[in-house]
Amino acid sequence: LAKTTQPISMDSYEGQEVNITCSHNNIATNDYITWYQQFPSQGPRFIIQGYKTKVTNEVASLFIPADRKSSTLSLPRVSLSDTAVYYCLVGDITMDSNYQLIWGAGTKLIIKP
Amino acid sequence: EAQVTQNPRYLITVTGKKLTVTCSQNMNHEYMSWYRQDPGLGLRQIYYSMNVEVTDKGDVPEGYKVSRKEKRNFPLILESPSPNQTSLYFCASRVANTGELFFGEGSRLTVL
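Report on the accompanying structure. These numbers were taken from a predicted model, which means no experiment stands behind them.

**Focus on the state of the cysteines**
All names here are of chain B.
Argument step 1. For the coordinates displayed, the defined rule picks out 2 disulfides over all chains.
Argument step 2. A sulfur-sulfur distance of 1.8 Å marks the disulfide that ties Cys 23 to Cys 91. Here the disulfide of Cys 23 and Cys 91 is left-handed, its torsion about the S-S bond being about -75°. You can see Cys 23 sitting in strand β3 (residues 19–25) and its partner Cys 91 sitting in strand β9 (residues 87–94), a full 68 residues away along the chain.
Argument step 3. Since its relative accessible area comes to 3%, Cys 23 is described here as buried.
Argument step 4. A residue is classified by how much of its surface remains accessible, and Cys 91, at 0% relative accessible area, is buried.

**Section: the environment of Gln 49 of chain A**
Argument step 1. Note that Gln 49 of chain A resides in strand β5 (residues 45–50).
Argument step 2. In the structure, Gln 49 of chain A is positioned 37 residues away from Tyr 86 of chain A in sequence and 13 Å away in space, judged by C-alpha atoms.
Argument step 3. A polar side-chain atom of Gln 49 of chain A sits 3.5 Å from a polar atom in the side chain of Thr 34 of chain A.
Argument step 4. There is a polar contact of 3.2 Å between the side chain of Gln 49 of chain A and the backbone nitrogen of Glu 100 of chain B.

**Thoughts on the sheet that holds strand β7 (residues 65–66) of chain B**
Residue and element names in this part refer to chain B.
Argument step 1. Here we have 4 strands laid out as an open sheet, ordered β1-β3-β8-β7, and antiparallel in their pairing. In this open sheet, the two strands that pair with only one neighbour each are β1 (4–7) and β7.
Argument step 2. Of the strand pairs in this sheet, β3 and strand β8 (residues 76–78) are connected by 3 bridges, and their pairing is antiparallel. Pairing of Leu 19 across the sheet is with Leu 78, part of β8.

**Things to note about the sheet that holds strand β1 (residues 3–5) of chain A**
Residue and element names in this part refer to chain A.
Argument step 1. Ordered in space as β1-β3-β8-β7-β6, the 5 strands form an open sheet in which the pairing is antiparallel. Two strands bound the open sheet, and with one partner strand each, they are β1 and β6 (53–56). Strand after strand, the sheet turns through a mean of 20° between neighbouring axes, direction not considered.
Argument step 2. Pairing between β1 and strand β3 (residues 18–25): 3 bridges, direction antiparallel. Counterpart to Thr 4 in the pairing with β3 is His 24.

**Topic: the pattern of salt bridges**
Residues and elements named next belong to chain B.
Argument step 1. Tallied over the full model, the rule gives 7 salt bridges over all chains.
Argument step 2. Taking the shortest distance from any N to any O, the salt bridge between Glu 105 and Arg 9 comes out at 2.7 Å. Here the residue Glu 105 occupies a position in the loop between β10 (102–103) and β11 (107–111), and Arg 9 occupies one in the loop between β1 and β2 (10–13), the gap between them amounting to 96 residues.
Argument step 3. For Glu 105, a relative accessible area of 52% corresponds to the exposed category.
Argument step 4. Glu 79 serves as the salt-bridge partner of Lys 65, at 3.0 Å between the closest nitrogen and oxygen. Taken together, the residues Lys 65 in strand β7 and Glu 79 in the loop between β8 and β9 connect sequence positions 14 residues apart.
Argument step 5. A relative accessible area of 41% places Lys 65 in the partly exposed class.
Argument step 6. For Glu 79, a relative accessible area of 35% gives the class partly exposed.
Argument step 7. Among the charged side chains, a network of salt bridges with common partners joins Lys 18, Lys 65 and Glu 79.

Definitions and cut-offs
- Here the residue numbers are simple positions, counted from 1 along each chain's written sequence.
- Here every chain gets a letter starting at A, and every ligand a number starting at 1, in the order they are written.
- Confidence filtering applies because this is a predicted model: local features only for residues at pLDDT of at least 70, side-chain atom pairs given and counted only at 80 or more, and all residues used for totals across whole chains, interfaces and linings.
- To obtain the side-chain values, all non-hydrogen atoms of the structure were included, while hydrogens and water were left out.
- In plain terms, two cysteine sulfur atoms within 2.5 Å form what is called a disulfide here.
- Each helix is a run of DSSP H or I of at least 4 residues and each strand a run of E of at least 2, with the numbering of both proceeding from the N terminus.
- Summary of the burial criterion: residues with accessible area below 20% of their type's maximum are buried, those above 50% are exposed, and those between are partly exposed, where the area comes from a 1.4 Å probe applied to protein chains only.
- Under the rule applied, a polar contact is a pair of N or O atoms within 3.5 Å (in protein, one hydrogen donor and one hydrogen acceptor; residues adjacent in sequence only if both atoms are side-chain atoms).
- Pairing between strands is defined by DSSP: at least two bridges between the two strands are required.
- Helix axes are fitted only over the stretch in contact, all axes being lines through C-alpha atoms; the angle between N-to-C directions runs from 0 to 180 degrees.
- Salt bridges are defined as contacts in which a side-chain nitrogen from Lys or Arg sits within 4 Å of a carboxyl oxygen from Asp or Glu.

Here is the structure:
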């Protein structure tokens with residue numbers, strides 16, 4: 001079964017670029033890698049999704065190398081409101097051929113003024 | 001508006017008193033799932049369903065039941081709740097294999 005690893009926490013300052021990397025081995029070859037943001041007592045919220053190379057939207061970029069064994073979420077010019085927990089999510093195929101979603105443990109990002 | 005609706009949002013109950021947390025989505029999604037979230041443990045999947053009448057165990061299914069009789073509904077059943085099931089529960093849905101999950105607002109359950 002796929003396993004994901006993220007840093008437990010990170011600190012940064014307003015206006016900086018923040019990069020959070022998730023390592024994920026043995027993920028399903030035809031599935032996307034997705035990142036979510038979660039504020040306290042709220043459900044996770046979709047940020048960005050990609051399959052390979054680079055994807056960019058209005059809030060973030062996602063870098064995925066060719067081997068797809070990791071992905072890096074990049075948040076440009078963070079603000080205090082970006083303080084949250086960030087999760088990576090990948091898909092995997094189990095031993096009995098069932099599809100399953102695998103969550104990272106989450107990275108607590110704290111942005112300081 | 002596209003949404004996932006959970007009820008109740010907050011519940012305090014006692015050990016052994018059966019309860020059901022409902023989840024409904026209006027996006028015609030095939031995939032639905034339940035998670036629990038506890039401090040320091042991230043999101044742990046309880047059960048998931050790939051489509052109507054198809055359910056599978058997640059990482060922590062013990063003490064829970066689910067059913068998927070209709071596409072839009074995926075209730076979580078605690079037949080005999082225990083204090084270790086005190087947690088924040090999230091229901092989520094998505095179109096199969098797209099990766100973007102839509103989450104409900106959460107149900108905070110306390111079992112005394």
